[in-house]
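Here are the chains, one letter per residue:
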Amino acid sequence: MNRTETVQIENRHRALGLSDEQVLGMYQNMVLARKVDERMWLLNRAGKLPFLVSCQGHEAAGVGAAFALDKKKDFLCPYYRDMGMAIVFGMTAKELMLSAFAKAEDPNSGGRQMPGHYGSTKYNIFSGSSVVTTQVPHAVGIALAGRMRGEDLVVLTAFGEGSSNQGEFHEAANFAGVHKLPVIFFCENNKYAISVPLERQVACESIADRAKGYGFTGVTVDGNDPLEVYKVMKEAVERAKADDGPTLIEAVVYRLMPHSSDDDDRTYRSREEVEEAKKKDPLVSFSTYLKEVGLLDENKEKEIHDWIVKEVDEATEYAENAPTPAPEDTLRHVYAE
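Given the structure is predicted, the values throughout are model-derived calculations rather than measurements.

With that settled, consider the side chain of R269. Of note, R269 is situated in the loop between strand 7 (247-252) and helix 9 (271-278). Not counting the four nearest positions on each side in its chain, R269 is found in contact with Y192, Y254, R255, L256, M257, P258 and V274.

Time to look at helix 6 (residues 135-148). The end-to-end C-alpha distance of helix 6, which contains 14 residues, comes to 20 Å, matching closely the 20 Å that a straight helix rising 1.5 Å per residue would cover. By the burial criterion, the buried members of helix 6 are Q135, V136, A139, V140, I142, A143 and G146. On an axial view of helix 6, the arc spanned by its buried residues comes to 155 degrees, and they lie on one face. In this fold, the buried residues of helix 6 make contact with strand 1 (75-77), strand 2 (155-160), helix 7 (167-179) and strand 3 (183-189). After helix 6 finishes, the residue G150 shows a positive phi value of roughly 75 degrees.

Bringing the pairing of strand 3 into the picture now. Looking down a regular strand, the side chains alternate between one sheet face and the other. The buried count for strand 3 comes to 7 of 7 residues, which makes it a mostly enclosed element. Neither face of strand 3 is open: one carries V183, F185, C187 and N189, the other I184, F186 and E188, and all of them are buried. Looking at chain direction, strand 2 and strand 3 are connected through 6 bridges and run parallel. Bridged to V155 within strand 3 is V183. Following the backbone out of strand 2, through helix 7 and into the adjacent parallel strand 3, one traces a crossover that is right-handed.

Another point: the pattern of salt bridges. This structure, assessed with the given rule, holds 23 salt bridges. In this structure, K278 engages E275 in a salt bridge whose closest nitrogen and oxygen atoms are separated by 3.4 Å. With K278 and E275 both in helix 9 and 3 residues apart, the pair spans about one turn of that helix. Residue K278 is classed as partly exposed on the basis of its relative accessible area, which comes to 40%. Between K310 and E314 there is a salt bridge whose closest N-O contact spans 2.8 Å. Taken together, the residues K310 and E314, both in helix 11 (residues 298-321) and 4 residues apart, mark about one turn of the helix. A relative accessible area of 47% means that K310 is categorised as partly exposed. One continuous salt-bridge network, built from bridges that share partners, spans R12, D225 and E228.

A few words now on the packing of aromatic side chains. Enumeration according to the criterion identifies 7 aromatic pairs in this entry. When the centroid spacing of 5.4 Å and the interplanar angle of 50 degrees are considered together, the rings of F159 and F169 count as tilted. One end of the pair, F159, is in strand 2; the other, F169, is in helix 7, and 10 residues separate them in sequence. Judged by relative accessible area, F159 falls into the buried class, the value being 0%. Residue F169 is classed as buried on the basis of its relative accessible area of 1%. Taking the centre distance of 5.9 Å and the plane angle of 80 degrees together, the rings of F169 and F185 count as edge-to-face. Taken together, the positions of F169 in helix 7 and F185 in strand 3 put the pair 16 residues apart, joining distant regions of the chain. Of the two residues examined, F169 and F185, each falls in the buried class. Following the ring pairs from residue to residue traces out a cluster consisting of F159, F169, F185, Y214 and F216.

What follows is about the environment of G213. One can find G213 in the loop between strand 5 (196-197) and strand 6 (217-222). The spacing of G213 and A173 is 40 residues in sequence and 9.2 Å in space, taken between C-alpha atoms.

Moving on, we get to the packing of helix 3 (residues 59-66) against helix 8 (residues 226-241). Taken N-terminus to C-terminus, the directions of helix 3 and helix 8 make an angle of 40 degrees; their axes are 8 Å apart at the nearest point. Classed by the angle they form, the pair helix 3 and helix 8 counts as oblique. The two elements helix 3 and helix 8 meet at a crossing, and its hand is right-handed. Where helix 3 abuts helix 8, its residues A60, A61, G64 and A65 lie against P226, V229, Y230 and M233. Of the residues contributing to the contact of helix 3 with helix 8, the split by class is 7 nonpolar, 1 polar and no charged.

Rules used in this analysis
- Residues numbered from 1 in each chain as written.
- Predicted model: local features only at pLDDT ≥ 70, side-chain atom pairs only at ≥ 80, totals over all residues.
- Heavy atoms only, no water.
- Helix = DSSP H or I, 4+ residues; strand = E, 2+ residues; numbered from the N terminus.
- Contact = heavy atoms within 4.5 Å.
- Expected span 1.5 Å × (residues − 1).
- Buried < 20%, exposed > 50% of the residue type's maximum accessible area, 1.4 Å probe, protein only.
- Arc of directions from axis to C-beta.
- Pairing = 2+ DSSP bridges.
- Right-handed = clockwise from strand over helix to strand, strands pointing away.
- Salt bridge = Lys/Arg side-chain N within 4 Å of Asp/Glu carboxyl O.
- Phe/Tyr/Trp six-rings, centres within 6.5 Å; stacked < 30°, edge-to-face > 60°.
- Axes fitted to C-alpha atoms, helices over the stretch in contact; angles between N-to-C directions.
- Parallel < 35°, antiparallel > 145°, perpendicular 65-115°, else oblique.
- Left-handed = near helix turned anticlockwise from the far one by under 90°.
- Nonpolar A, V, L, I, M, F, W, Y, C, P; charged D, E, K, R; others polar.

Structure (structure tokens):
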């Protein structure tokens, strides 16, 4: 590598206005999401967790996107692969594990929801539904409410490319486009809607092309690069705050694990395809970048990983031994009291 290339690498995150501490924080959040997810898979295979969906391969997209928002006033309407987003907005390993074990202290739903259904008033995360795409019109509603109240907020809603085929997406995008609402549609295109490949889902060249039909900007970005995701998301936030309307961002990623713990992905994609995708693992490529700019070395990397393993171990032990919800709590928040 020559001196010119070194300078370009060193200036990449700083050119985006990110400090060294912030990009290290990005990496740490990505690793935490991966390690929590890996632990959940082990617990599932051990028969301790009945079900889960994986964020592996989506960490860079979620973390890079969430870093561009203001955690104090902006809102998230995420989907089930957005553990990275939830972590950036404040959710801890302990809270994530409490949700996975469906314990009474689960901050997302008190043990009512499946894992991956993030929701927290404290963290400005709107609770999602098991019915896909319902979070998208909710996000548009929050954006409309914010405008009516005169609040300076932006709403980020995330979904898979399969969800972009649902009526809820199109109705929400149309309404948001007409009223130029401060909402960002973030499609995490991992190329498979469960088992259906992208070419059998859509006829257009990219999901981002769909924005044209609703009168706002559409952008496609490498979802394995958190800095590129941050850049386009920051631009989308600025458009929203300038009353220039919504943005549809298509982050191209790859789901490294099966669709869920109940899915056998060997029936619809080859092992060679998955192994090839692992060569672009966002955690590996981002750690390489951080090493090249001198922010990460073996000792620092080990320090981060050791701390995270300790966090995940403690979170697992706490959640596994935490009390389960009382049977009568099933009726809470269902009927008026």
